[in-house]
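Residues per chain, in single letters:
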Amino acid sequence: MNRTLILTKILLKNGSDSIKNGGKKKLNRASMIIVLILFACVPFVLSIGGMISTLFDTLKVINQQGLILAMAMPAVVIIIFFFGIAYIINTFYFSTDIENLLPLPLKPAEILGAKFATVLVYEYITEAVILIPVFAVYGVKNRESLLFYMFGILIFLILPVIPLVTASIIDMVIMRFTNLAKNKDAFRIFGGIFAMVIALTINIYAQRFAMNITDPNKVMELLNKGNNSLIEITSSFFPSTKIAVYCMINSSSLSGIYQLLIFIIITVFAFLIFIMLGKMLYFAGVIGISETASKRKVLSKRELGKNTRMSPVVYSYTIKELKLLFRTPVYFLNCILMNFLWPIFLMLPIIAQPKSANNLTSLIPYIQNSSSGPMVISAALACGIFITASNMITSTSISREGKNLFFIKYIPVDYTKQMMGKVMSGMIMGIMGMLMIIPIAIFMLKLKVYIVVISFIVSILGIFFSALFGILIDVIMPKLNWDTEQKAVKQNFNGLISIFGSFGIAALIVFFSVKFPLDLIKIIIAVTIIFGIIDFILYKILTNYCVKRLKGIDC
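Note that this is a predicted model, so its numbers are computed, not measured. (Residues numbered from 1 in each chain as written. Predicted model: local features only at pLDDT ≥ 70, side-chain atom pairs only at ≥ 80, totals over all residues. Heavy atoms only, no water.)

> Looking at this structure, I do not really get the overall build of the protein chain. What am I missing?
For the protein chain, the helix and strand inventory stands at 24 helices and zero strands. Put simply, the protein chain has 555 residues, and 49% of those count as buried. Long-range pairs, those at least 24 residues apart, make up 85% of the contacts in the protein chain with a sequence separation of at least 6. When the accessible surface of the protein chain is summed, it comes to about 27200 Å², and 71% of that surface belongs to carbon and sulfur atoms. (Helix = DSSP H or I, 4+ residues; strand = E, 2+ residues; numbered from the N terminus. Buried < 20%, exposed > 50% of the residue type's maximum accessible area, 1.4 Å probe, protein only. Contact = heavy atoms within 4.5 Å. Areas by Shrake-Rupley, 256 points an atom, 1.4 Å probe, with all protein chains shown as cover.)

> What am I meant to see in the packing of aromatic side chains here?
Any two aromatic rings considered together are summarised by their centre-to-centre distance and by the angle between their planes. Taken as a whole and assessed by the stated rule, the structure comprises 17 aromatic pairs. Ring plane angle 75° and centroid distance 5.5 Å describe the contact between Phe 92 and Tyr 282, whose orientation is recorded as edge-to-face. Separated by 190 residues along the polypeptide, Phe 92 in helix α3 (residues 67-92) and Tyr 282 in helix α12 (residues 254-286) bring together distant segments of the chain. You can call Phe 92 buried: its relative accessible area is 0%. Aromatic side chains Phe 326 and Phe 332 sit 6.0 Å apart centroid to centroid with 55° between the ring planes, which places their arrangement in the tilted category. Here Phe 326 falls in the partly exposed class, since its relative accessible area comes to 35%. We classify Phe 332 as buried; its relative accessible area is 12%. Over the ring of Tyr 317 we find Lys 320; its NZ or CZ atom is 4.3 Å from the centre of that ring. (Phe/Tyr/Trp six-rings, centres within 6.5 Å; stacked < 30°, edge-to-face > 60°. Lys NZ or Arg CZ within 6 Å of the ring centre and 35° of its normal.)

> Sorry if this is basic, but what is going on with the packing of helix α21 (residues 449-476) against helix α23 (residues 493-515) here?
Packed helix pairs are characterised by how far apart their axes lie and by the angle those axes make with each other. Relative to each other, α21 and α23 sit at 145°, their axes nearing to 10 Å. The chirality of how α21 crosses α23 is right-handed. The residues of α23 that touch α21, namely those facing Phe 465, Ser 466, Phe 469, Gly 470, Ile 473 and Asp 474, are Asn 494, Ile 497, Ser 498, Ser 502 and Ile 505. Taken together, the residues of the contact of α21 with α23 break down into five nonpolar, five polar and one charged. (Axes fitted to C-alpha atoms, helices over the stretch in contact; angles between N-to-C directions. Left-handed = near helix turned anticlockwise from the far one by under 90°. Nonpolar A, V, L, I, M, F, W, Y, C, P; charged D, E, K, R; others polar.)

> Any chance you could explain a nonpolar patch on the surface here in plain terms?
Together, Leu 254, Ile 257, Leu 261, Ile 264, Val 268 and Leu 272 make up an exposed nonpolar region whose accessible area comes to about 560 Å². Positionally, Ile 264 belongs in helix α12. Look at Ile 264 and you get partly exposed, because its relative accessible area is 31%. (Patch = residues over 30% accessible without salt bridge, like charges linked within 9 Å, V, L, I, M, F, W, Y side chains within 5 Å. Salt bridge = Lys/Arg side-chain N within 4 Å of Asp/Glu carboxyl O.)

> Explain unusual backbone geometry here, please?
Glycine aside, the phi torsion of most residues is negative, and most peptide linkages are trans. In this model, Arg 143 sits at a positive phi of 55°, which is unusual for a non-glycine residue. Checked against the element boundaries, Arg 143 lands in the loop between α5 (108-141) and α6 (146-158). With a phi close to 55°, Met 392 is a non-glycine residue in the positive phi region.

> Help me understand the pattern of salt bridges in this model?
Oppositely charged side chains can pair when the atoms bearing their charge come close. Going through the model one piece at a time under the given rule, you end up with six salt bridges. Between Arg 400 and Glu 321 there is a salt bridge whose closest N-O contact spans 3.3 Å. Remark: Glu 321 occurs in helix α14 (residues 313-327) and Arg 400 occurs in the loop between α18 (373-390) and α19 (406-410); sequence separation between them is 79 residues. Here Arg 400 matches Glu 321 in class, with each residue buried. One salt bridge in this structure joins Lys 422 and Glu 401, with 2.7 Å as the shortest N-O distance. With Lys 422 in helix α20 (residues 415-445) and Glu 401 in the loop between α18 and α19, this pair connects stretches of sequence that are 21 residues apart.

> Looking at this structure, I do not really get helix α24 (residues 520-552). What am I missing?
End to end, α24 covers 46 Å across 33 residues, agreeing with the expected 48 Å (1.5 Å per residue, within 8%). Taking the largest bend as the criterion, α24 deviates by roughly 35°, centred on Leu 542. Every buried residue belonging to α24 is among Ile 523, Val 527, Phe 531, Asp 535, Leu 538, Leu 542, Thr 543, Cys 546, Val 547, Arg 549 and Leu 550, and all of these are buried. Of the residues flanking the start of α24, the one acting as N-cap is Asp 519, its side-chain oxygen 3.3 Å from the backbone nitrogen of Ile 521. (Expected span 1.5 Å × (residues − 1). Bend = angle between axes of the 7 residues up to and from the residue. Polar contact = N/O pair within 3.5 Å; in protein donor to acceptor, adjacent residues only side chain to side chain.)

> Explain empty space enclosed by the protein to me, please; I cannot follow it from the model alone.
Any empty space left between atoms is shown by rolling a water-sized probe over those atoms. A complete count under the given rule lists three cavities of 30 Å³ or more for this structure. Within this model, the second largest cavity holds a volume of roughly 40 Å³. In terms of lining residues, the second largest cavity is bounded by Leu 11, Thr 91, Ser 95, Asp 97, Lys 115, Thr 118, Gln 486, Lys 487 and Gln 491. Elements with a contribution of two residues or more to the lining of the second largest cavity: α5 and α22 (485-489). Across the lining of the second largest cavity, the residue classes break down as one nonpolar, five polar and three charged. (1 Å grid on protein atoms, 1.4 Å probe; cavity = no way out; pocket = protein on both sides within 12 Å on 5 of 7 lines; lining within 4 Å. Points joined across faces, edges and corners; volume = space filled by probe spheres on them.)

> How should I be thinking about the packing of α5 against α6 in this particular structure?
It is at 11 Å that the axes of α5 and α6 come closest, and there the two elements cross at 160°. One way to sum up the angle between α5 and α6 is to call them roughly antiparallel. Between α5 and α6 the crossing geometry is right-handed. For the pair α5 and α6, contact is made by Tyr 124, Glu 127, Ala 128, Leu 131, Ile 132, Phe 135, Ala 136, Tyr 138, Gly 139 and Val 140 and by Phe 148, Tyr 149, Gly 152, Ile 155, Phe 156 and Leu 157, respectively. (Parallel < 35°, antiparallel > 145°, perpendicular 65-115°, else oblique.)

> Can you help me understand the confidence of the model for the protein chain in this one?
Do not read the predicted coordinates in detail wherever pLDDT is low. Looking at the protein chain as a whole, its pLDDT mean stands at 78, while 74% of the residues score no less than 70. Of the regions scoring below 50 in pLDDT, residues 17-23 engages in eight contacts with residues more than four places distant in sequence or in other chains. Predicted confidence is poor over residues 212-216, with pLDDT under 50, and the contacts of this stretch with residues over four places away or in other chains come to four contacts. (pLDDT = per-residue confidence, 0-100.)

> I would appreciate a short explanation of α23 in the present structure.
What sets the pattern is the α-helix's 3.6 residues per turn: residues three or four places apart point alike. A rise of 1.5 Å per residue sets the reference length of α23, with its 23 residues, at 33 Å; its end C-alpha atoms lie 33 Å apart and thus fit the reference within 8%. Buried within α23 are the following residues: Asn 494, Gly 495, Ile 497, Ser 498, Ile 499, Phe 500, Gly 501, Ser 502, Gly 504, Ala 506, Ile 509 and Ser 513. A side-chain oxygen of the first residue of α23 lies 3.0 Å from the backbone nitrogen of Asn 494; this N-cap is Asn 492.

> Would you take a moment to explain the side chain of Thr 328 for this structure?
Along the chain, the position of Thr 328 falls in the loop between α14 and α15 (329-352). On the basis of relative accessible area, Thr 328 is assigned to the buried category, the value being 11%. Within the local environment of Thr 328, its side chain forms a polar contact with the backbone oxygen of Leu 324, the two atoms lying 2.9 Å apart.

> For this particular structure, what's the right way to read the environment of Gly 49?
Relative to the assigned elements, Gly 49 resides in helix α2 (residues 24-61). Taking the relative accessible area as the measure of exposure, Gly 49 reaches 12% and is therefore buried. Not counting residues within four places of it along the chain, the set of residues in contact with Gly 49 comprises Pro 133 and Val 137.

Dropping the structure here:
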């Protein structure tokens, strides 16, 4: 156990910018990162807190306020499970530190335990953004005792274990066979995509299961009972989560303690299953994982000339960035694949619950009304900002250079053109994300063609803003000290700052468009002027401050 804790500490330390001797500068940078993360999360946390407070007041009237916990905890479990699929693949398989760990006198259980703990610690950040405001608002408004908050801390620490164990087992089964493929990188990418498909499939069947067991008569019967009886429906598909919900609600009684013990026992049992299966699957799939296949093809003079034709510098650099993102499994799964998943996320509720399409149909007449055009355009702008930030391409573009940053300094290409190549790569994938959403939006919402065209053009201003904002963050605080691509992306707080910051800006756009409605022409002019000016300012910062900053970074 001691060696597992020590190894976990080492893995976490290697995954972050450690503060070295005389590292006052490192300390200041770490403090700045923490402040930026908190600042970026504030709009999101406040919006959740306000929503929970309003919902609590409504449910309190019918004595169903426990439904808040019953909705929040399963939601967190689904999010952790889904994103844990990719994160576990990155940490367990794409991290090269495993080659250094295998020769050491460490037991398989110790390595697996440390790897799992590393993922768990980072998932606590995702969990905290949702559950802390939920627990805080519920506890204060329901006047809970100190025991509620103590139970909340324990549940918070334990809740992610079971979804991560499930995701880990799925990943280990899939990746066990990657070493059978000649082109390992391509096969690992396929394995990651397949794992995502499994996660989405499970999510769809989970929602269908919940829909099938939700009989209207039963709902009314439970609703009339009061006493948080609706928890029986919302948590039916998540038995362990259901126990955790009742544990929190009954925290002031012996029943709560009993349910907490059951939840702990189930979690420990699940973790032991993970260790047992890990011994059989993990090491057989991870040995030789760094080996890759390559083609040794002799090019003719004509082929050489074709492959070395001259192109504009920014275009060539953009293509170079995109090829790197597509060819590297970690970058593909975290930066590229996300852009193609948005249509699935939008269609998921309808696929899982076909009857919900009837509710959407009732909104179509309002959306098709000419007065809704400005709202659609504002939503498209906000969507473009968030999609581009969520792929983390520009917010990790400098960090991904790592120890090879000298390449940027040595090649005879202007810094501005290099950074614009990185910005363009993020923009292209952001535009791809928007293009993937547009057909779904047209199909589901029956949007008019001219509204779609205007919305797409306006969204490009937001995409450009988000790409510039991301690279600006990464230039200021690049994470260059990493030994695996996974740490450059998944353990890089710059991506998190960009995502939450962009979410806050997107939320403000929607808020102002609702609070201060404008007609179609005015909203187009206002958005074009405001974001045109902001984008121009950010571009000037990029060409001046960021260039100077990049020159001053030591390789």
